[in-house]
Every structure is written in structure tokens, then in C-alpha cells.
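Structural characterization, general
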Amino acid sequence: MSAVYKDEQEDWLTVCLKYLLFVFNFLFWVGGAAVLGVGIWTLVEKSDYLSLLASSTFAVSAYILILAGGLVVVTGFLGCCAVIREQRSCLSTYFFCLLFIFLIELVAGVLAYVYYQRLSEELKQHLNQTMTENYAQPGKEDITLAVDRLQQDFKCCGSNNSHDWIVSVYISSKQAEDRIVPDSCCKTITPHCGKRDHPSNIYKVEGGCITKLEQFLADHLLVIGAVGIGVACLQICGMVFTCCLYRRIKMDPY
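Position numbers for residues start from 1 in each chain and track the written sequence from start to end. Where totals are concerned, whole chains, interfaces and linings use all residues; where local detail is concerned, this predicted model gives features only for residues with pLDDT of at least 70, and gives and counts side-chain atom pairs only at 80 or more. Note that the side-chain values use all heavy atoms of the structure and ignore hydrogens as well as water.

The chain goes by Tetraspanin in an unreviewed UniProt entry, where it is assigned to Seriola dumerili. UniProt positions are given in the numbering used here, feature names are shortened, and annotations may be inferred rather than shown by experiment. As its UniProt record puts it under Sequence similarities (unreviewed entry), the chain is described as follows: "Belongs to the tetraspanin (TM4SF) family." For the record of the chain, the UniProt heading Subcellular location (unreviewed entry) holds the text "Membrane".

The structure is reproduced here in C-alpha cells:
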């Protein structure tokens, strides 16, 4: 009787582990969709601003999340097959896939956190130079569009203030046609509206575009880091369940 009871108990534990892995796979897919969505949204929706950054860490973090999210979709199917078939080889493959994705997402989260710490200094050092030296210059069309969108989206003018444009290559050239600031600084854009820098005509924001862009990027880096590390922690549970089920199947003489 005790042997029968022990066998029934072992079967019950195995079934519980299988259901736990099924539940985990569902949560895993949801987390993977979140990771993939955040990565794509960061690159597609906010790609214009990437050209204004001195380093590619922000974009790399997003690309890593997209890679991890895509792998999650494939690995989720593998996990279901491994649970249904109860084969140790499938479970071990599934475990190592989880471990690989865990490391990828952890790297993305750490990169986002590290870049978050140095974001302010990078913007202070490079944004003003990028705007004043590259705006409206040949071959720098992507930066020109990014600056125009930045000033309109965040309702700001200049990296620190509107006076930053006085020393810019664009304003000093004939191309500016006596403008004091680019037209994208204007509250209502009309041809040559940048000739007048009165507060009623252009945006006068405390801290300029640096403050606005820094807050925007910081918020997105926190999302990238939180999603990457959060889903990575969820995968630890999946790896534990997989190991437990692997051991139960291994103990089964059949």
C-alpha cells in the first residue's frame, strides 16, 4: 500500500509540475510580447532621436529586446512540446533556451541601467554640438529632421536655450536668410518665422531641449530595463520548474 501511495504521490507531483510549466509558458508568452513590443516601439516610434545621441547604447538595448522577444515566441512552443512529450532531451533543450534568453534580457536591462546613469552627461556634452554644427548641413538630413521634430514635439528651442542658435553654422550662413533661430522653434510654423525670437513667437523653455530629451529618454530606459529584468526574473521560475520536472521524469523507470 505504501508503495502504491508513493507512486500516486509521485504522479500527482509530476502532473502539478506540468500544469505549472503550462501556466509559466502562458506568462512567458505574455512577457515575450511585452519585450518585443517595447523594443519595436522604441526603434520605430522614437528612431528620429537616435541620431542625436553620441552612443548607440540606447538603440542596442532595444535591438536586444527585439531579439529576446522573438526567441521567446519560439521557445514558448518548444516548452509546450517538452511538457506534453515528457522527454528529457526536450526539457534540457528548453532549459538552455530559457537560460540563453535570460542572459540576453539581463544584458539589455543592465545596458539600459548603465546608460541611464550617464545619459545626462552625454546630452550636455554632445547635443549642443550636434545641433549647432550639423543642423541643415549637407549629408546631415537625418539630424536636421531629428532636431526639427525634437523642438516641435517637446516645444523647446536650442539645447539649453534659444540663444544657442546664435553660434550655429546654419544661422551664420546665408541659408538662414536672417533667421535668428530655425523655423521649428516657432509656436506656429510659417516661412521665415524664425526671424523673430520673442517669447510670443518661439518656445522659451527652462533648460532647453536637453532637459526635455533627457527626461524622455530616461523614462524609456527605465521601461526597457524594467521589462528586460522583470521577464528575466520570471524565467528563473520557469527554469526551476523545468529542472524539477526533468528530475521527476528521470526518476520514472518507464
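1. What to know about the overall build of the chain
When helices and strands are counted, the chain shows six helices and zero strands. The C-alpha radius of gyration of the chain comes to 27 Å, more than 25% above the 18 Å expected for a compact globule of 254 residues. Principal-axis analysis of the C-alpha atoms places the extent of the chain at approximately 95 × 30 × 30 Å. When burial is assessed residue by residue, the chain has 43% of its 254 residues classed as buried. Pairs of residues are marked as contacts when any of their non-hydrogen atoms sit within 4.5 Å. At a minimum sequence separation of 6, the contacts of the chain that also span at least 24 residues come to 73%. Approximately 13,400 Å² of the chain is accessible, and the part contributed by carbon and sulfur atoms is 64%. Strands here mean DSSP runs of E at least two residues long; helices mean DSSP runs of H or I at least four residues long; both are numbered from the N terminus. Radius of gyration here is computed from C-alpha atoms only, and the compact-globule reference equals 2.2 Å multiplied by the residue count raised to the power 0.38. A 1.4 Å probe rolled over the protein chains alone gives each residue an accessible area, and that area as a share of the maximum for its type sets the label: buried under 20%, exposed over 50%, partly exposed in between. Accessible surface area values rest on a Shrake-Rupley calculation with a 1.4 Å probe, where residue burial reflects the displayed protein chains alone.

2. What about the pattern of salt bridges?
Only one rule defines a salt bridge in this text: a Lys or Arg side-chain nitrogen within 4 Å of an Asp or Glu carboxyl oxygen. For the structure on display, the rule yields two salt bridges. In this structure, Arg149 engages Asp153 in a salt bridge whose closest nitrogen and oxygen atoms are separated by 2.9 Å. One end of the pair is Arg149 and the other is Asp153, both in helix 4 (residues 141-153) and four residues apart, which spans about a single turn. Taking the relative accessible area as the measure of exposure, Arg149 reaches 25% and is therefore partly exposed. The shortest N-O distance in the salt bridge between Arg179 and Asp183 comes to 2.9 Å. We classify Arg179 as buried; its relative accessible area is 11%.

3. Quick notes on the packing of aromatic side chains
Pairing of aromatic rings covers Phe, Tyr and Trp, the last counted by its six-membered ring, and requires centre-to-centre distances within 6.5 Å; plane angles under 30 degrees mean stacked, over 60 mean edge-to-face, and any other angle means tilted. Under the criterion given, the structure shown has four aromatic pairs. What links up through ring pairs into an aromatic cluster is the set Tyr135, Trp165 and Tyr170.

4. Some details on the packing of helix 2 (residues 57-85) against helix 3 (residues 88-134)
When two helices pack together, you describe them by how their axes are tilted relative to each other and by the distance separating the axes. The axes used here are C-alpha line fits, helices contributing only the stretch in contact, and every angle between their N-to-C directions lies in the interval 0 to 180 degrees. Taken N-terminus to C-terminus, the directions of helix 2 and helix 3 make an angle of 160 degrees; their axes are 9 Å apart at the nearest point. Taken together, the axis directions place helix 2 and helix 3 in an arrangement best described as roughly antiparallel. The element helix 2 and its partner helix 3 pack so that their crossing is left-handed. Polarity classes work like this: nonpolar for Ala, Val, Leu, Ile, Met, Phe, Trp, Tyr, Cys and Pro, charged for Asp, Glu, Lys and Arg, and polar for all others, with Gly in that last group. Among the residues making up the contact of helix 2 with helix 3, the classes are represented as 23 nonpolar, five polar and three charged. Relative orientations are named as follows: roughly parallel for angles under 35 degrees, roughly antiparallel for angles over 145 degrees, roughly perpendicular for angles from 65 to 115 degrees, and oblique for any other angle. By the definition used in this description, the sense in which the near helix is turned from the far one sets the handedness, with an anticlockwise turn below a right angle giving left-handed and a clockwise turn giving right-handed.

5. Some words on helix 3
To estimate how far a helix should extend, the number of its residues minus one is multiplied by 1.5 Å. Counted at 1.5 Å a residue, the expected span for helix 3 with its 47 residues is 69 Å, but the 59 Å between its end C-alpha atoms falls short. What we call the bend at a residue is the angle made by axes fitted to the seven residues finishing there and the seven residues starting there. Its maximal kink placed at Arg118, helix 3 deviates by approximately 50 degrees. Ala136, located one to two residues past helix 3, shows a positive phi value of around 60 degrees.

6. A word on the nonpolar core
One finds Trp165 and Leu213 to be the most contacted residues of the largest nonpolar core, which totals 61 residues. Contributing elements (two or more residues each) for this core: helix 1 (2-45), helix 2, helix 3, helix 4, helix 5 (169-172) and helix 6 (208-251). For this core, the element with the most residues is helix 3, which contributes 14 residues. Once residues within four sequence positions are removed from consideration, Leu213 is found in contact with Tyr49, Leu123, Leu127, Leu150 and Phe154. Take the buried residues of types Ala, Val, Leu, Ile, Met, Phe, Trp, Tyr and Cys, join any two whose side-chain atoms come within 4.5 Å, and each joined set is a nonpolar core.

7. Focus: unusual backbone geometry
Of note, Ala136 is a non-glycine position whose phi angle comes to about 60 degrees, a positive value. Counting through the fold element by element, Ala136 comes out in the loop between helix 3 and helix 4. The buried category is assigned to Ala136, whose relative accessible area is 16%. If you check the backbone angles, Lys155 has positive phi at about 55 degrees while not being a glycine. Assignment of secondary structure puts Lys155 in the loop between helix 4 and helix 5. Overall, Lys155 belongs to the partly exposed group, its relative accessible area being 45%.

8. A look at the UniProt feature "transmembrane region" (unreviewed entry) in the chain
Summarizing the sequence annotation, UniProt attributes the feature "transmembrane region" (unreviewed entry) to residues 20-42, 62-84, 91-116 and 221-246 in the numbering used throughout. Helix makes up 100% of residues 91-116 and strand 0%, with an end-to-end C-alpha separation of 37 Å. Taken end to end, residues 221-246 is 100% helix and 0% strand, and its two terminal C-alpha atoms sit 37 Å from one another.

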